[in-house]
Amino acid sequence: MALESRLLDGSFACEVVELGLWELLEDGTIERLRDLWAHHPVLVFRRQALSEQELARFSAYFGPLERVVRTEWASPAVPEIGLISNLKDGQARPIGGLGDGELQWHSDQSYIMNPATGAMLYAVELPPEGGTTSWVDLSGGYTALPDRLKDLVDGRHGVFSYVKRLAGYQGVDRVISAEAKRKTPPVFHPLAHTHPVTGRRALYLDSTTTIGIEGMDDATGSALLEEIYGIATRSEFVYRHDWQVGDVVMWDNGMTMHRREPFDPAARRLMKRTTIFLSHERHIVPDGRLATEETMA
Ligand code: SIN
């Protein structure tokens, strides 16, 4: 079956039309979707009606599903599904994570040595306003860097820490289990990569976890990162998604960062998400290493 797709708002994001993700897809369709995703790091599907099993099955066409370190955000029915929500259960306990606050530009799992870089969000309930999510294409950002900055990032590693990410969260989201802490020591990742399919160079950034640059003192590393974020997040590289109930957005965290605008805590928002180990053959997948006291000094 041929896939019908179109670029959204002249951006790098692409909408796939007329495809019901609840169906069992033919091999040829899955292959075309994999190819499309390798070329367009954000894919949008509207008007979906999915059970958690169907969302997990569709996600698994692209790689093994990860159960994220925040096990308390997992759906009780399908543990590979994470609940991103401000809703609470009958005992006033959050049913998922990430509440209603603003989320700054970030890349999921950047604080993991071998991150699962694919992600999908499925919109189930939405606030009347706010809660909009935007993605930025980090290959555009790399191309826009002056040669001086390209020379500085090429071959260099950033230090990514979940402790910094936690500090930006609200309330109970800041508290993690001993097991989650053990699984999230600081790690190094290269700051730039070459895409295996398109050959394009892209930055690998996360403003919510990057605490420095290997071999640079804190002040120099922070100043350099701020300068790079300023260029990489220019509006010309951003796709802003106005959610409708039933939307599925899938994105490649190896090529993008995303951010979410806050919304009224009294409004309801429920998103279901999956996290996918993507293949090195089709996607940028950073290979990290542990950032120990000695290696960071
Ligand atoms: C996320 O950053 O994974 C969640 C984004 C959103 O809630 O829109």
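Residues numbered from 1 in each chain as written. Predicted model: local features only at pLDDT ≥ 70, side-chain atom pairs only at ≥ 80, totals over all residues. Heavy atoms only, no water.

## Structural notes on the overall build of the chain
From N to C terminus, the chain includes eight helices and 18 strands. Residues classed as buried in the chain amount to 55% of the 297 residues present. Taking as baseline every contact in the chain between residues at least 6 positions apart, the subset at least 24 positions apart corresponds to 82%. Entry remark: accessible area of the chain is about 13,100 Å², with carbon and sulfur atoms responsible for 52%. Across the chain, 31 positive and 42 negative side-chain charges occur, with their mean positions spaced 2 Å apart. (Helix = DSSP H or I, 4+ residues; strand = E, 2+ residues; numbered from the N terminus. Buried < 20%, exposed > 50% of the residue type's maximum accessible area, 1.4 Å probe, protein only. Contact = heavy atoms within 4.5 Å. Areas by Shrake-Rupley, 256 points an atom, 1.4 Å probe, with all protein chains shown as cover. Lys, Arg positive; Asp, Glu negative; His and termini not counted. Charge placed at Lys NZ, Arg CZ, Asp CG, Glu CD.)

## Considerations on the side chain of Thr275
Structurally, the position occupied by Thr275 is in strand S17 (residues 270-276). Judged by relative accessible area, which is 3%, Thr275 ranks as buried. Here the side chain of Thr275 touches Arg273 through a polar contact of 3.1 Å, side chain to side chain. When neighbours within four sequence positions are excluded, Thr275 is seen to be in contact with Pro64, Leu65, Glu66, Val68, Gln109, Ala116 and Gly118. (Polar contact = N/O pair within 3.5 Å; in protein donor to acceptor, adjacent residues only side chain to side chain.)

## A closer look at the sheet that holds strand S10 (residues 187-190)
Within the open sheet, the four strands sit side by side as S13-S9-S10-S18. Their pairing is antiparallel. The open sheet has two edge strands with one neighbour each: strand S13 (210-213) and strand S18 (289-290). Judged from the two bridges that link them, S10 and S18 form a sheet pairing that is antiparallel. The partner of Val187 across the bridge, within S18, is Leu290. (Pairing = 2+ DSSP bridges.)

## Here's the deal with the layout of surface pockets
Rolling a probe over the atoms, with the probe sized like a water molecule, indicates the empty space that remains. The space that makes up the largest pocket amounts to roughly 610 Å³. Counting residues per element, the ones that place at least two in the lining of the largest pocket are strand S4 (82-85), strand S6 (103-106), helix H5 (162-167), strand S16 (256-260) and S17. Counted by class, the lining of the largest pocket contains 15 nonpolar, eleven polar and eleven charged residues. (1 Å grid on protein atoms, 1.4 Å probe; cavity = no way out; pocket = protein on both sides within 12 Å on 5 of 7 lines; lining within 4 Å. Points joined across faces, edges and corners; volume = space filled by probe spheres on them. Nonpolar A, V, L, I, M, F, W, Y, C, P; charged D, E, K, R; others polar.)

## Some thoughts on the packing of aromatic side chains
On inspection of all chains with the given rule, the structure shows nine aromatic pairs. Ring geometry for Phe58 against Phe62: centres 5.3 Å apart, planes inclined by 75°, an arrangement best described as edge-to-face. Using a relative accessible area of 9% as the deciding quantity, one classes Phe62 as buried. When the centroid spacing of 4.2 Å and the interplanar angle of 35° are considered together, the rings of Tyr111 and Tyr162 count as tilted. Here Tyr111 is found in the loop between S6 and strand S7 (118-125), whereas its partner Tyr162 is found in helix H5, with 51 residues between them in sequence. Here Tyr111 matches Tyr162 in class, with each residue buried. Each residue in the set Trp37, Phe45, Phe58, Tyr61 and Phe62 is aromatic and connected to the rest through ring pairs, giving one cluster. Between the NZ or CZ atom of Arg259 and the centre of the ring of Trp105, over which it lies, the distance is 6.0 Å. (Phe/Tyr/Trp six-rings, centres within 6.5 Å; stacked < 30°, edge-to-face > 60°. Lys NZ or Arg CZ within 6 Å of the ring centre and 35° of its normal.)

## Things to note about the sheet that holds strand S8 (residues 133-137)
With antiparallel pairing, the four strands of this open sheet are ordered in space as S6-S16-S8-S14. Only two strands of the sheet have a single partner each, and these edge strands are S6 and strand S14 (238-241). For this sheet, the mean inter-axis angle between neighbouring strands, taken without regard to orientation, is 15°. (Axes fitted to C-alpha atoms, helices over the stretch in contact; angles between N-to-C directions.)

## Thoughts on the site of the ligand
All residues in the neighbourhood of the ligand are listed as Ile84, Leu98, Leu103, His106, Asp108, Leu121, Thr133, His258, Arg260, Arg269 and Arg273. One of the side-chain N or O atoms of His258 is found 3.0 Å from an oxygen atom in the ligand. Between the ligand and the protein, one listed contact pairs an oxygen atom with a side-chain N or O atom of Arg260 at 3.1 Å. Bound to the protein, the ligand loses 99% of the 260 Å² it would expose on its own. Of all the secondary structure elements, the ones that give two or more residues to the shell around the ligand are S6 and S16. (Near = heavy atom within 4 Å.)

## Quick look at helix H1 (residues 27-39)
With 13 residues, H1 extends 19 Å from end C-alpha to end C-alpha; this agrees with the ideal 18 Å at 1.5 Å per step. For H1, every residue scored as buried is listed here: Thr29, Ile30, Leu33, Leu36, Trp37 and Ala38. (Expected span 1.5 Å × (residues − 1).)

## Looking at the environment of Arg57
Mapped onto the elements of the fold, Arg57 is located in helix H2 (residues 52-59). Separated by 32 residues in sequence, Arg57 and Asp89 have C-alpha atoms that sit 27 Å apart. If sequence neighbours within four positions are ignored, Arg57 has contacts with Leu21, Trp22, Glu23 and Leu24.

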